[in-house]
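# Fold and geometry: a report
Here are the chains, one letter per residue:
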Amino acid sequence: MSSFEGRVAVITGGGRGMGRAHACRLASRGASVVVQDILEAEAYETVRMVRDAGGEAQAIVCDVTDIRSVRAELAAMERRLGRLDILVNNAGIGGEAPLEEISEQEFDRMFAVHVKGSFFATQAVVPGMKVRRAGKIINISSIWGMVGHHAASDYCGAKAALLGLTRAWARELAPWNIHVNAVAPGGVITEMVLQQPNIESRMAEKIKLVPLGRYADPSEIAETVAFLASSEADFITGQVISPNGGQTIVGI
Amino acid sequence: MTHDLHGRIAIITGAGSGIGQATAWLLAERGAAVLVQDIDPDGAAATAARLDRQGCDFLVVVCDIADPQADRRIVETALDRWGALDVVVNNAGIGIDRSIEDIDETAFDRMLAVHVKGTFFTTQAAVPALKQSRHGRVINTSSRWALAGHDRASDYVAAKAAILGLTKAWARELAPHRITVNAIAPGGVKTAMVRHNLGETGIAAEEKLVPLGRWCDPSEIAATTAFLASDAAAFITGQVVSPNGGKTMVGF
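Everything in this summary refers to the structure shown in the same document. Within any chain, residue numbers begin from 1 and follow the written order of that chain's sequence. Chain labels run from A onward and ligand labels from 1 onward, assigned in the order the entries are written. Note on the predicted model: pLDDT of at least 70 is required for a residue's local features to be given, and 80 or more for side-chain atom pairs to be given and counted; whole-chain, interface and lining totals, by contrast, use all residues.

### As for the packing of helix α1 (residues 18-29) of chain B against helix α2 (residues 41-53) of chain B
Residues and elements named next belong to chain B. All axes here are fitted lines through C-alpha atoms, helices being fitted over the stretch that makes contact, and every angle between N-to-C directions spans 0 to 180 degrees. Secondary structure elements follow DSSP: runs of H or I of four or more residues count as helices, runs of E of two or more count as strands, with numbering from the N terminus. For the pair α1 and α2, interaxial distance at closest approach is 10 Å and the crossing angle is 15°. As far as their axial angle goes, α2 and α1 are roughly parallel. In this structure, α1 crosses over α2, and the sense of that crossing is right-handed. Here α1 contributes Q21, A24, W25 and A28 to the contact with α2, which in turn contributes T47, R50 and L51. Under the scheme applied here, ten amino acids are nonpolar (Ala, Val, Leu, Ile, Met, Phe, Trp, Tyr, Cys and Pro), four are charged (Asp, Glu, Lys and Arg), and all others, including Gly, are polar. Class assignment for the residues of the contact of α1 with α2 results in 4 nonpolar, 2 polar and 1 charged. In what follows, roughly perpendicular refers to angles from 65 to 115 degrees, roughly parallel to angles under 35, roughly antiparallel to angles over 145, and oblique to any angle outside these ranges. Crossing handedness follows the turn of the near helix against the far one: under a right angle anticlockwise gives a left-handed crossing, and clockwise gives a right-handed one. Remark: residues whose backbone-derived C-beta atoms lie within 7 Å of one another are considered to be in contact.

### A short note on the packing of helix α4 (residues 105-132) of chain B against helix α6 (residues 154-174) of chain B
Residue and element names in this part refer to chain B. Two numbers describe how α4 lies on α6: the axes approach to 9 Å, and their chain directions differ by 20°. On the basis of their axis angle, the class for α4 and α6 is roughly parallel. Taken as a pair, α4 and α6 cross one another with a handedness that is right-handed. Mapping the contact onto sequence places A107, F108, M111, L112, H115, V116, T119, F120 and T123 in α4 and D155, Y156, A159, K160, A162, I163, L166 and W170 in α6. Looking at the contact of α4 with α6 residue by residue, the classes come out as 12 nonpolar, 3 polar and 2 charged.

### Notes on the interface of chain A and chain B
Reports often express the size of an interface as the amount of accessible area lost when the parts come together. With 33 residues of chain A at the contact, the number on the chain B side is 34 residues. Broken down by secondary-structure element, the contributors of at least two residues to the side of chain A that touches chain B are α5 (143-147), α6 (153-173), α9 (218-229) and β7 (240-241) of chain A. Looking at the side of chain A that touches chain B residue by residue, the classes come out as 18 nonpolar, 9 polar and 6 charged.

### Here we look at helix α1 (residues 17-28) of chain A
All names here are of chain A. Taking 1.5 Å of rise per residue, the 12 residues of α1 would be expected to cover 16 Å, and the 17 Å separating its terminal C-alpha atoms lies within 8% of that figure. Counting buried positions over the 12 residues of α1 gives 11, a clear majority of the element. Residues with at least 20 other C-beta atoms within 10 Å of their own are called buried, those with 12 or fewer are called exposed, and the rest are partly exposed. The C-beta atoms themselves are positioned from the backbone. For α1, every residue scored as buried is listed here: G17, M18, G19, R20, A21, H22, A23, C24, R25, L26 and A27. Of the residues trailing α1, G30 is marked for its positive phi of about 110°. By this rule the span expected of a helix is its residue count minus one, scaled by 1.5 Å.

### Thoughts on the sheet that holds strand β2 (residues 33-38) of chain B
Residue and element names in this part refer to chain B. At least two bridges found by DSSP between two strands is the condition for calling them paired. Spatially, the 7 strands line up as an open sheet ordered β3-β2-β1-β4-β5-β6-β7, and their pairing is parallel. A strand with exactly one partner marks an edge of an open sheet, and here the two such strands are β3 (58-62) and β7 (240-241). Two strands pair when backbone bridges link them, and strand β1 (residues 9-12) and β2 are joined in this way by 4 bridges, in the parallel orientation. By the bridge assignment, I9 is partnered in β2 with A33. Strands in contact with helix α8 (residues 218-229) are β1, β4 (87-90), β5 (137-141), β6 (180-184) and β7; relative to β5, the strand with the most contacts, it is inclined by about 155°.

### Looking at the pairing of β1(B)
All names here are of chain B. Neither face of β1 is exposed, since I9 and I11 on one face and A10 and I12 on the opposite face are all buried. Pairing between β1 and β4: 3 bridges, direction parallel. Each bridged residue has a counterpart across the sheet, and for I12 the counterpart in β4 is V89.

If you want it as structure tokens, here you go:
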């Protein structure tokens, strides 16, 4: 297993759940991590966890949809740390609303966080990656982006858009040896899931849909992210890996 | 370390050359005891020589993977020696670029027997032992051509596509036993088989068609297999990972 020693990784939405797990895992394998989140206390808590474990971490507190802030903060980090090698576009928001209940404002926010946020964070890190002729972009999609869901069509649409960005960027950035892939998690036990109403009683039902009979811990998704971010995946680009316990098995 | 394979017992078919050989070496390097199967005694011996030099725990079985009786013997040999089995890498394969008119019945039968029957009956023989393992893994070797087709070798393409069918069915069937089943669909790999078929100039021409501008070394495919064999991939099942340099990106 390769090390991330000397590499800098940016994780958007790194203050909680899967994003925190990605930050902790990349850091434990040697990366210096930049934890972006809109939630200040959460971002600094992740930074503290990484530092307590002997790793290096910095926080960026801003809204991922605030393009000017994202640009300025990432540029400042790149100057300070000398490089940004890995970007995990993880910041996301949930939802499970039926079509009729999704307002324009909610729709815009959903796409702004997932799609616009990922787009402009990537735009900000790519110039440096092109200069170094190396880079890893990992977009966090979802099984709902692959196969849909009976609600949350705004979320499904945004997560599918991330798969489109993944494939387009994989082609566009390949000449600079920048690898772009997506991770499409299935059921993961995160704060976002646990906040759903009546989640405890619904969990047994949800797990019944998963052939492996369980949801994943965020750390398991982080392992796939870390694999794709590593030199072991240097021939993998434009692909989607879906750790989903067998819940979603789809055509190629 | 979640990528560690100490204590795991792995069978790698077609391990006398190319991807299979690289896979046997990498799994052993990460601590697994490995059974090296190949039809070619010289290839198997070459794989074994390095395992021996490195003090790895290994066995060699020389047989034809297309013979179900031989497949059962492979598994029995592993169980006699180690008493358990955790990982099966179904890798044995043959490849010849022929047009449809040039594929006779014998060639057709052989193509399907090696890839499909070999994969099927090796796995069937292994399943009782894999059910006892807490980390059961089946990793099938498909091909980028099974995803995207090819202008020749339709017998090969069909056999590799059948392997995706087995992968997805077994992922569901074996999930209750915590056995994960995934496929790797390699793109261009510089193996002896391909060097023989295309020659160096042929490979150089093909490399120009790959977004990343190169073909990979067998060890890079082995790295994906080693990831899927590890605890880090415990929530991944029924999936296809295609290290192909961006040559093929396909839909969900």
